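The lines below spell out each chain.
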Amino acid sequence: MAKMTLYGRRTSINVQKALWALRELELPFDWVEADSAIGWPTNPDYLQNLNPNGRVPTLVIDGTILHQSNVIVRYLAQTYSPGKLWPNDPLVRALSDVWMDWQQTECYQNLTPVFWGLIRTPPEKRDLAQLKVQTEKLHDNFRVLDRAVTGKKYVTGDTFTMGDIPAGAALYRYMAMDLDRPAMPALEAYYTRLQERPVYRADIMIPLS
Ligand SMILES: N[C@@H](CCC(=O)N[C@@H](CS)C(=O)NCC(=O)O)C(=O)O
């Protein structure tokens, strides 16, 4: 078994994806809490030796350094969960990838400003007009996911795969923020289904602020 060390902080959605994959697969790893232990993101050693982007997560595997949360999830799935988190059928795997990339592109570009605007900005400093526009776009993103999981248990069908990890992490944020969400029954059922997983409840569903 490779020696793995994850650098991150629990409140980061990108770290949560890596953490979810590691814990879902019950893999042993060392955890380095970025804020307290290494003074992220300004620590020169971290920038120099681990992640020149100054971001988390970083996963070190037997001395090899991986950045990019979705890459980390894919690596762990392929290495430790072939045929399960990593679908063997290339087309099903591509479908998992669709939802991983959806989270990181379509969804994230709206989730980030809404999350920062609502959760990390004090009420008196919020740009409400801008927030309203971005929130509408975010609802549209999740309408897309709602359609995708209609008639399905998970994003690719009946089986939980790596594609559910980024989408599920983003979904928690969407559901946990105080937003006037449109009714999306399939999305709500999917969210309930994800909550059957102990790791989701323990590591993803944590207080937002
Ligand atoms: N594309 C990267 C993005 C990583 C990222 O943006 N991480 C955030 C935390 S969620 C971060 O480190 N932010 C640093 C900053 O905001 O200064 C990934 O998926 O890992």
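Residues numbered from 1 in each chain as written. Predicted model: local features only at pLDDT ≥ 70, side-chain atom pairs only at ≥ 80, totals over all residues. Heavy atoms only, no water.

What follows covers unusual backbone geometry. In the segment running from Val56 into Pro57, the intervening peptide bond is cis, with an omega of 10 degrees. Looking at where Pro57 falls in the secondary structure, it is placed in the loop between helix H3 (44-49) and strand E3 (58-61). Although it is not a glycine, Glu26 adopts a positive phi angle of roughly 55 degrees. In this structure, Glu26 sits in the loop between helix H1 (13-24) and strand E2 (30-33). On the accessibility criterion, Glu26 (69% relative accessible area) is exposed. Positive phi is not limited to glycine here, since Gln68 has a value of about 80 degrees. With respect to the secondary-structure elements, Gln68 resides in the loop between strand E4 (64-67) and helix H4 (69-80). (Helix = DSSP H or I, 4+ residues; strand = E, 2+ residues; numbered from the N terminus. Buried < 20%, exposed > 50% of the residue type's maximum accessible area, 1.4 Å probe, protein only.)

Reading across from one edge, E2-E1-E3-E4 is the order of the four strands in this open sheet, with mixed pairing throughout. The open sheet terminates on both sides in strands that have one partner only, identified here as E2 and E4. Between one strand axis and the next, the sheet turns by 20 degrees as a mean value, whatever way the strands run. In the sheet, strand E1 (residues 4-8) pairs with E3 via four bridges, with the strands oriented antiparallel. Its bridge partner lying in E3, Leu6 is registered against Leu59. Sheet strands in contact with H1 are E1, E2 and E3, and its direction is about 150 degrees off that of E1. Lying over the sheet, H4 contacts E1, E3 and E4, oriented at roughly 125 degrees with respect to E4. (Pairing = 2+ DSSP bridges. Axes fitted to C-alpha atoms, helices over the stretch in contact; angles between N-to-C directions. Contact = heavy atoms within 4.5 Å.)

Partitioning the protein chain into domains gives domain 1 (4-80) and domain 2 (90-200). Taking only C-alpha atoms into account, the centre of domain 1 sits 22 Å from that of domain 2. For the pair domain 1 and domain 2, the two sides together bury roughly 1,500 Å², of which 61% comes from carbon and sulfur. Per-residue buried area on domain 1 facing domain 2 is highest for Ile13, Trp20 and Arg74; these three make up 45% of the total on that side. (Domains from an automatic or database assignment. Buried area = accessible area lost by both parts, 1.4 Å probe.)

In this section: the site of the ligand. For the ligand, the set of nearby residues contains 11 residues, the closest of which are Ser12, Val56, Gln68, Ser69 and Gln104. Val56 is positioned such that a nitrogen or oxygen atom in its backbone is 2.8 Å from a nitrogen atom of the ligand. Between Ser69 and the ligand, the recorded distance is 2.6 Å, taken from a side-chain N or O atom to an oxygen atom. Against a free-state accessible area of 510 Å², the protein chains account for coverage of 75% of the ligand. Within the shell around the ligand, the residues separate by chemical class into three nonpolar, six polar and two charged. (Near = heavy atom within 4 Å. Polar contact = N/O pair within 3.5 Å; in protein donor to acceptor, adjacent residues only side chain to side chain. Areas by Shrake-Rupley, 256 points an atom, 1.4 Å probe, with all protein chains shown as cover. Nonpolar A, V, L, I, M, F, W, Y, C, P; charged D, E, K, R; others polar.)

On to the pattern of salt bridges. For the structure shown, the criterion picks out six salt bridges. Among the salt bridges present, the one from Asp30 reaches Lys3, with a minimum N-O distance of 2.5 Å. On the criterion of sequence distance, the pair formed by Asp30 in strand E2 and Lys3 in the segment before E1 is long-range, its members being 27 residues apart. With relative accessibility at 38%, the residue Asp30 sits in the partly exposed group. Across the pair Asp97 and Arg74 runs a salt bridge, and its minimum N-O distance is 2.7 Å. Taken as a pair, Asp97 in helix H5 (residues 90-119) and Arg74 in helix H4 lie far apart in primary sequence, 23 residues in all. Judged by relative accessible area, Asp97 falls into the partly exposed class, the value being 25%. (Salt bridge = Lys/Arg side-chain N within 4 Å of Asp/Glu carboxyl O.)

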